[in-house]
Amino acid sequence: MAEPGASQIQLPTAFYYLNDDFLCENTPVHLIQNELENAPSGKDDCRPATPLYIYSQAQLHRNIQGYKNAIQSAKMLDRIHIFYAVKANANLHLMELVRKQNCGAVTVSGYELQAALNSGFVPEMILLNGNGKQIWEIRLALKNGCMLNVDSLFDAENIISVARELQKPARVLIRVNPGLEQSSTPVHSYLSTALKNSKFGIPLHQFDQIVELLKAERFIQLVGLHCHVGSTIRDAAVYTTVTRILLDIRQKLITQGCNNLKYLDIGGGLGIDYYHGTSEGQSPLSSTGDLIQAIASLLPLDVEVIIEPGRSIVGNTGILVTKILGIKKSPDGGKQFVVVDAAMNDLIRPSFYQAYHHVLPVRKTDSSEGIYDIVGPVCESGDFLAVDRRLTQQPVKGELLAIMDVGAYGIAMASNYNMRGRAMEVMVDGNKWKIIRRRENFESLVQTMIDGV
């Protein structure tokens, strides 16, 4: 805890400076790194502790409570349900904390579904999404009583086939592709999922055919409609548009005899403040309260809504701690590179999406600021974590940097490119912390190779 008179600068999350030290909750980040660095290395080749993911348990709870408070304020406690988007971060320890907050789970693969089951999520509150669900994944969902969305004609046929095989009812939602224009969802094109040329969802001109197929099957229970338009959404008005589209379709289906349409799943994708208020060019960011208010007044009394937050629950709970290996200049002197031990295999969002992540020193010093590219050791020119970034102090070899807001789509998208082991993950709770995933070493990388070394 802060001593009387200590200088504390509170950030919008559980990460802040106390005097010159960067803390996660009540724990200095450099002390976690030091303790891990000095721990017995075993078979880890005396590797340093970094790169290292650190999460705040308090921030996770704060984010979920923000949704709950907004739902309660709208008097929708029993009618709006939080289903955590597991793809954002599937660490089992983190998922268990989410589950203890009475959330459901939305999954996009069989192993995500199994992870949700293993973490204790109620099967009836697990939804299997996906445009290419395999038979074994459908079977796993139906055996455990989970819901599924229907994404295409062949998907509907596969779900019907497995339901008949198991002689078990399948509760399904139809995923709608409303054929929006890119301008109506101003996010990165890779994150738009409801455009006319998207691979996701059923286009409106095929809707009647699939509805009739589902209505004719005795093992199918059509319980709702689903639409997810994309991710990093800044304007909650998008959810108003989606809700109105789904309500119009629902009303049409009711006139066709579909009388059990209990759920509207409006997806997730609400953005977070990656810029920490430093970018003047960004449009205003809607809050969780704005999202709930955008839909609450539209809902008939017999409709319940599923929302699928992932990024807005875990994004700002995590940082990636990386050590500076050295500083160099480009041959023409036009670039200064800070070479760190984290890389695109640890955090691919900057390379893949041209995404911005705020970068802060783990320990403050009095030195001059400058413009740098922060790059990793991977053998790719596209291996960068920040480009033309103004750092508030001069980087020094051996010092630590914190890459902010990596709790979502950080470790979840990590890889072993260049045969690099994925990073360790640590969860902080006040002044205590624990390892929630060991880092990978050479043995863990080769153990699945047939006749490996």
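This is a predicted model, so every value here is computed, not measured.

**Q** Describe in detail the overall build of the protein, supporting the description with residues and values.
**A** When its secondary structure is counted, the protein shows 12 helices and 22 strands. Here the C-alpha radius of gyration of the protein, 23 Å, is about what a compact globule of 453 residues would show, namely 22 Å. Structurally, the protein occupies a C-alpha span of about 70 × 55 × 45 Å along its principal axes. Looking at the 453 residues of the protein, the share that counts as buried comes to 55%. A separation of at least 24 residues holds for 70% of the contacts in the protein among residues at least 6 apart in sequence. In the form shown here, the protein has an accessible surface area of approximately 20,400 Å², with 50% of it arising from carbon and sulfur atoms. Side chains of the protein give 43 positive and 46 negative charges; the mean places of these two sets differ by 4 Å.

**Q** Quick one: what's the story with helix α3 (residues 92–99), residue by residue and with numbers?
**A** Every buried residue of α3 is accounted for by Leu94, Met95, Leu97 and Val98. One side of α3 carries all its buried residues, which in axial view fall inside an arc of 155°. Summarising the contacts, the buried residues of α3 are in contact with α2 (57–73), β6 (80–85), α4 (110–118), α10 (311–314) and β21 (424–429). Near the N-terminus of α3, the side chain that reaches the backbone nitrogen of His93, with its oxygen 2.9 Å away, is that of Asn91.

**Q** Residues and numbers for a nonpolar patch on the surface, please.
**A** Together, Met419, Phe442 and Met449 make up an exposed nonpolar region whose accessible area comes to about 300 Å². Mapping Phe442 onto the fold places it in helix α12 (residues 442–446). By relative accessible area, which is 39% here, Phe442 ends up partly exposed.

**Q** Requested: an account of the packing of helix α5 (residues 135–143) against helix α6 (residues 153–166), with residues and values cited.
**A** Axis separation between α5 and α6 bottoms out at 10 Å; the angle between their running directions is 55°. With respect to their mutual orientation, α5 and α6 come out oblique. α5 and α6 meet at a crossing whose hand is right-handed. On α6, the residues touching Ile135, Ile138, Arg139, Leu142 and Lys143 of α5 are Asp155, Asn158, Ile159, Val162, Ala163, Glu165 and Leu166. For the contact of α5 with α6, the residue count by class is 7 nonpolar, 1 polar and 4 charged.

**Q** Outline the side chain of Asp265, supporting the account with residue identities and numerical values.
**A** Mapped onto the secondary structure, Asp265 falls in strand β13 (residues 263–265). For the buried residue Asp265, which engages in no salt bridge, the nearest side chain bearing the opposite charge is Arg175, 8.4 Å off. Not counting residues within four places of it along the chain, the set of residues in contact with Asp265 comprises Leu127, Leu173, Leu225, His226, Cys227, Leu246, Ile306 and Glu308.

**Q** Residues and numbers for the pairing of strand β9 (residues 147–150), please.
**A** Side chains Met147 and Asn149 of β9 all project onto a buried face; the interleaved residues Leu148 and Val150 project onto the opposite face, where all are buried too. Where strand β8 (residues 126–128) meets β9, 2 bridges bridge the pair, whose relative direction is parallel. The residue bridging Leu127 from the neighbouring strand is Met147, located in β9. Both β9 and strand β10 (residues 170–177) contribute to a ladder of 3 bridges, which runs parallel. Bridged to Val150 within β10 is Ile174.

**Q** Now, about the packing of aromatic side chains: what can you tell me, with residues and values included?
**A** Centre distance and the angle of the planes are the two values used to describe a pair of aromatic rings. Following the criterion strictly, the structure yields 6 aromatic pairs and no others. Taking 4.2 Å as the distance between ring centres and 15° as the angle between the ring planes, the aromatic pair formed by Tyr275 and Tyr356 counts as stacked. Of this pair, Tyr275 sits in the loop between β13 and α9 (288–296) while Tyr356 sits in the loop between α11 (349–353) and β17 (359–361), and the two are 81 residues apart along the sequence. Tyr275 sits in the partly exposed class, given a relative accessible area of 24%. Residue class for Tyr356 comes out buried when judged on its relative accessible area of 17%. Above the plane of the ring of Tyr17 lies Lys364, whose end atom (NZ or CZ) is 4.3 Å from the centre.

**Q** So what's going on with the pattern of salt bridges? Which residues, and what values?
**A** Counting across every chain of the model gives 17 salt bridges. Arg363 is the salt-bridge partner of Asp21, the closest N and O atoms lying 2.9 Å from each other. One end of the pair, Asp21, is in strand β3 (residues 21–24); the other, Arg363, is in the loop between β17 and β18 (370–375), and 342 residues separate them in sequence. When the shortest N-O distance is used, the salt bridge between Asp346 and Arg420 registers 2.9 Å. In this pair, Asp346 sits in the loop between β16 (336–340) and α11 while Arg420 sits in the loop between β20 (400–403) and β21, placing the two residues 74 residues apart along the sequence. Judged by its relative accessible area of 17%, Arg420 is buried. A network of salt bridges, in which partner residues are shared, links Glu96, Arg99 and Lys100.

**Q** Outline the environment of Pro377, listing residues and values.
**A** Here Pro377 shows up in the loop between β18 and β19 (384–391). Given the relative accessible area of 41%, Pro377 is considered partly exposed. When the C-alpha positions of Pro377 and Met344 are compared, they lie 8.8 Å apart, and in sequence the two are 33 residues distant. Among residues more than four places away in sequence, those in contact with Pro377 are Leu325, Val340, Asp341, Ala342, Ala343, Asp383, Asn418 and Arg420.

**Q** Lay out the pairing of strand β12 (residues 220–226) in plain terms, naming residues and giving numbers.
**A** Within β12, 6 of the 7 residues are buried, which leaves the element mostly enclosed by the surrounding structure. Relative to β12, β10 runs parallel, the two sharing 6 bridges. The residue of β12 that forms the bridge with Arg171 is Gln221. Here β12 pairs with β13 via 3 bridges, running parallel. Considered in β13, the bridge of Gly224 is made with Tyr263. Taken together, β12, helix α8 (residues 237–255) and β13 constitute a β-α-β crossover, and its handedness is right-handed.

The rules behind each value
- Residues numbered from 1 in each chain as written.
- Predicted model: local features only at pLDDT ≥ 70, side-chain atom pairs only at ≥ 80, totals over all residues.
- Heavy atoms only, no water.
- Helix = DSSP H or I, 4+ residues; strand = E, 2+ residues; numbered from the N terminus.
- Rg over C-alpha atoms; globule rule 2.2 N^0.38 Å.
- Buried < 20%, exposed > 50% of the residue type's maximum accessible area, 1.4 Å probe, protein only.
- Contact = heavy atoms within 4.5 Å.
- Areas by Shrake-Rupley, 256 points an atom, 1.4 Å probe, with all protein chains shown as cover.
- Lys, Arg positive; Asp, Glu negative; His and termini not counted.
- Charge placed at Lys NZ, Arg CZ, Asp CG, Glu CD.
- Arc of directions from axis to C-beta.
- Polar contact = N/O pair within 3.5 Å; in protein donor to acceptor, adjacent residues only side chain to side chain.
- Patch = residues over 30% accessible without salt bridge, like charges linked within 9 Å, V, L, I, M, F, W, Y side chains within 5 Å.
- Salt bridge = Lys/Arg side-chain N within 4 Å of Asp/Glu carboxyl O.
- Axes fitted to C-alpha atoms, helices over the stretch in contact; angles between N-to-C directions.
- Parallel < 35°, antiparallel > 145°, perpendicular 65-115°, else oblique.
- Left-handed = near helix turned anticlockwise from the far one by under 90°.
- Nonpolar A, V, L, I, M, F, W, Y, C, P; charged D, E, K, R; others polar.
- Pairing = 2+ DSSP bridges.
- Phe/Tyr/Trp six-rings, centres within 6.5 Å; stacked < 30°, edge-to-face > 60°.
- Lys NZ or Arg CZ within 6 Å of the ring centre and 35° of its normal.
- Right-handed = clockwise from strand over helix to strand, strands pointing away.

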